[in-house]
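# What the coordinates show
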Amino acid sequence: MVKQKYNKRQVGAQYEKTAGEYLVSCGYEILEYNFRCRMGEIDIIARDGEYLVFCEVKYRRGGAMGHPLEAVGPRKQQVISRCALWYLATRHLAGALCRFDVVGIEDEEIILIKNAFEYAGR
């Protein structure tokens, strides 16, 4: 029996889709997955009511590597913030109401933290 190997990108894409489905069930409208620019990447861009939401997805299996929400530290927040600013500028969305959410997936549990952090672009 040959065990199929998955690379991190494939696994990440799978959990981003799971997170996207969860967000839709919470009333979000998914606008884009994996927005990339020269600053970095944002996993999901969505609309939640009047807010444009930049969402980071983190997955962990078991607790050995810590809780998934702990993985969105200051450096990652800075990357996401800069990408969000780039997105807003290139889409001509200056003045849009925005927030940064984090979806943590640990085993089968999904946790959504709305407004998880403030803009940290500096």
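Values in this document were obtained by computation on a predicted structure and should not be read as measured data.

## Quick notes on helix H2 (residues 74-90)
The end-to-end C-alpha separation of H2 is 24 Å, in line with the 24 Å expected for 17 residues at 1.5 Å each. Within H2 the residues assigned to the buried category are Gln77, Ile80, Ser81, Cys83, Ala84, Tyr87 and Leu88. The buried residues of H2 occupy one face: seen down the axis, they fall within an arc of 165 degrees. Seen from the open side of H2, the exposed residues pointing more than 90 degrees away from its buried face are Arg75 and Ala89. The inward-facing, buried residues of H2 abut strand E1 (29-37), strand E2 (40-48), strand E3 (51-60), strand E4 (98-106) and strand E5 (109-117).

## Some thoughts on the confidence of the model for the protein
Across the protein, pLDDT averages 87, with 80% of residues at or above 70. Mean pLDDT values for the elements of the protein range from 85 in helix H1 (residues 8-25) up to 97 in E2.

## As for the sheet that holds E4
The five strands lie next to each other as E1-E2-E3-E4-E5, forming an open sheet whose pairing is mixed. Each end of this open sheet is capped by a strand with a single partner; those strands are E1 and E5. Along the sheet, successive strands turn relative to each other by an average axial angle of 30 degrees, direction set aside. Summarising the sheet, E3 and E4 pair through nine bridges and their orientation is parallel. Counted as the bridge partner of Phe54 is Phe100 from E4. Taken strand by strand, H2 contacts E1, E2, E3, E4 and E5, and its axis lies near 65 degrees from that of E2.

## Describing the packing of aromatic side chains
Tallied over the entire structure, the rule returns five aromatic pairs. Sitting over the face of the ring of Tyr33, Lys17 holds its NZ or CZ atom 3.8 Å from the ring centroid.

## Re the environment of Ser81
Position of Ser81 relative to the elements: it lies in helix H2. Along the sequence, Ser81 and Glu41 sit 40 residues apart, while their C-alpha atoms lie 10.0 Å from each other. Among the polar contacts made by the side chain of Ser81, one reaches the main-chain carbonyl oxygen of Gln77 at a distance of 2.8 Å.

Reading the values: rules and limits
- Residues numbered from 1 in each chain as written.
- Predicted model: local features only at pLDDT ≥ 70, side-chain atom pairs only at ≥ 80, totals over all residues.
- Heavy atoms only, no water.
- Helix = DSSP H or I, 4+ residues; strand = E, 2+ residues; numbered from the N terminus.
- Expected span 1.5 Å × (residues − 1).
- Buried < 20%, exposed > 50% of the residue type's maximum accessible area, 1.4 Å probe, protein only.
- Arc of directions from axis to C-beta.
- Contact = heavy atoms within 4.5 Å.
- pLDDT = per-residue confidence, 0-100.
- Pairing = 2+ DSSP bridges.
- Axes fitted to C-alpha atoms, helices over the stretch in contact; angles between N-to-C directions.
- Phe/Tyr/Trp six-rings, centres within 6.5 Å; stacked < 30°, edge-to-face > 60°.
- Lys NZ or Arg CZ within 6 Å of the ring centre and 35° of its normal.
- Polar contact = N/O pair within 3.5 Å; in protein donor to acceptor, adjacent residues only side chain to side chain.

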